[in-house]
Amino acid sequence: LRRQRQMCIETGATLILGLSFVSLRASSSMQAATLSGMAQCIGYTLAAIGPTLIGRIHDAQGNWHATLLISASAAFLMALFGLYAGRNLHIGKRA
């Protein structure tokens, strides 16, 4: 029960951070709405397609090797994009 509470707090904090990052990078409310819409569109599309695609790959391969490689590669790419997106600047302004 203690671990479940901790996971709930961590998940909630992650959600709040994700929503905050959009407004921290935008220089206007219109830009924040556009960025939020784009992020949600891509995120929900990947969340809808991902499990089905991974399941089909697992069924075709008969093991988890390819699916785990895909997941690890996606995590690595997200970390790289996170480092790039985490720079201290607003969208539309040059570094």
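Reading the values: rules and limits
Residues numbered from 1 in each chain as written. Predicted model: local features only at pLDDT ≥ 70, side-chain atom pairs only at ≥ 80, totals over all residues. Heavy atoms only, no water. Helix = DSSP H or I, 4+ residues; strand = E, 2+ residues; numbered from the N terminus. Rg over C-alpha atoms; globule rule 2.2 N^0.38 Å. Buried < 20%, exposed > 50% of the residue type's maximum accessible area, 1.4 Å probe, protein only. Areas by Shrake-Rupley, 256 points an atom, 1.4 Å probe, with all protein chains shown as cover. 1 Å grid on protein atoms, 1.4 Å probe; cavity = no way out; pocket = protein on both sides within 12 Å on 5 of 7 lines; lining within 4 Å. Points joined across faces, edges and corners; volume = space filled by probe spheres on them. Nonpolar A, V, L, I, M, F, W, Y, C, P; charged D, E, K, R; others polar. Axes fitted to C-alpha atoms, helices over the stretch in contact; angles between N-to-C directions. Contact = heavy atoms within 4.5 Å. pLDDT = per-residue confidence, 0-100. Expected span 1.5 Å × (residues − 1). Bend = angle between axes of the 7 residues up to and from the residue.

Q: Looking at this structure, how should I read the overall build of the protein?
A: Counting secondary structure elements, the protein contains 3 helices and 0 strands. Relative to the 2.2 N^0.38 estimate, which gives 12 Å for 95 residues, the radius of gyration of the protein is 17 Å and therefore markedly larger than a compact globule would have. In terms of overall dimensions, the protein has C-alpha extents of about 50 × 35 × 20 Å along its principal axes. A buried classification covers 5% of the 95 residues belonging to the protein. Element-wise, carbon and sulfur atoms account for 69% of the exposed surface of the protein, whose accessible area totals about 8,100 Å².

Q: I keep staring at the layout of surface pockets and nothing clicks. Help me out?
A: Rolling a probe over the atoms, with the probe sized like a water molecule, indicates the empty space that remains. Roughly 370 Å³ of internal volume is contained in the second largest pocket. In terms of lining residues, the second largest pocket is bounded by Thr11, Thr14, Leu15, Gly18, Leu19, Val22, Ser36, Ala39, Gln40, Gly43, Tyr44 and Ala47. Elements with a contribution of two residues or more to the lining of the second largest pocket: helix 1 (2–25) and helix 2 (29–61). Grouping the amino acids of the lining of the second largest pocket by side-chain chemistry returns 6 nonpolar, 6 polar and no charged.

Q: Please clarify how the packing of helix 2 against helix 3 (residues 65–85) should be interpreted in this entry.
A: Geometry of a packed helix pair, given as the angle between the helix axes and the separation of the axes. As a packed pair, helix 2 and helix 3 sit with axes 8 Å apart at the nearest point and diverge in direction by 145°. Two secondary-structure elements touch here, helix 2 through Ile54, Ile57, His58 and Gln61 and helix 3 through Ala66, Thr67 and Ile70. Each residue belonging to the contact of helix 2 with helix 3 can be placed in one class, and the counts come to 4 nonpolar, 3 polar and no charged.

Q: Explanation requested: the environment of Gly82 in the structure shown.
A: Considering the arrangement of structural elements, one finds Gly82 in helix 3. A residue is classified by how much of its surface remains accessible, and Gly82, at 41% relative accessible area, is partly exposed. The spacing of Gly82 and Ala60 is 22 residues in sequence and 32 Å in space, taken between C-alpha atoms.

Q: Hey, could you run me through the confidence of the model for the protein in this one?
A: Interpretation of this model should avoid reading the predicted coordinates in detail wherever pLDDT is low. On average, residues of the protein score 85 in pLDDT, and 97% of them reach the 70 mark or higher. The weakest mean pLDDT in the protein belongs to helix 1 at 82; the strongest belongs to helix 2 at 90.

Q: I would appreciate a short explanation of helix 2 in the present structure.
A: One turn of the α-helix equals 3.6 residues, which is why residues spaced by three or four share an orientation. With 33 residues, helix 2 should cover 48 Å at 1.5 Å per step; its first-to-last C-alpha distance of 47 Å lies within 8% of that length. The largest bend in helix 2 is about 30°, located at Gly50, with the proline Pro51 one to four residues further on.

Q: What am I meant to see in the side chain of Thr67 here?
A: Within the fold, Thr67 resides in helix 3. Excluding anything up to four places from it in sequence, Thr67 contacts Ile54, Ile57 and His58.

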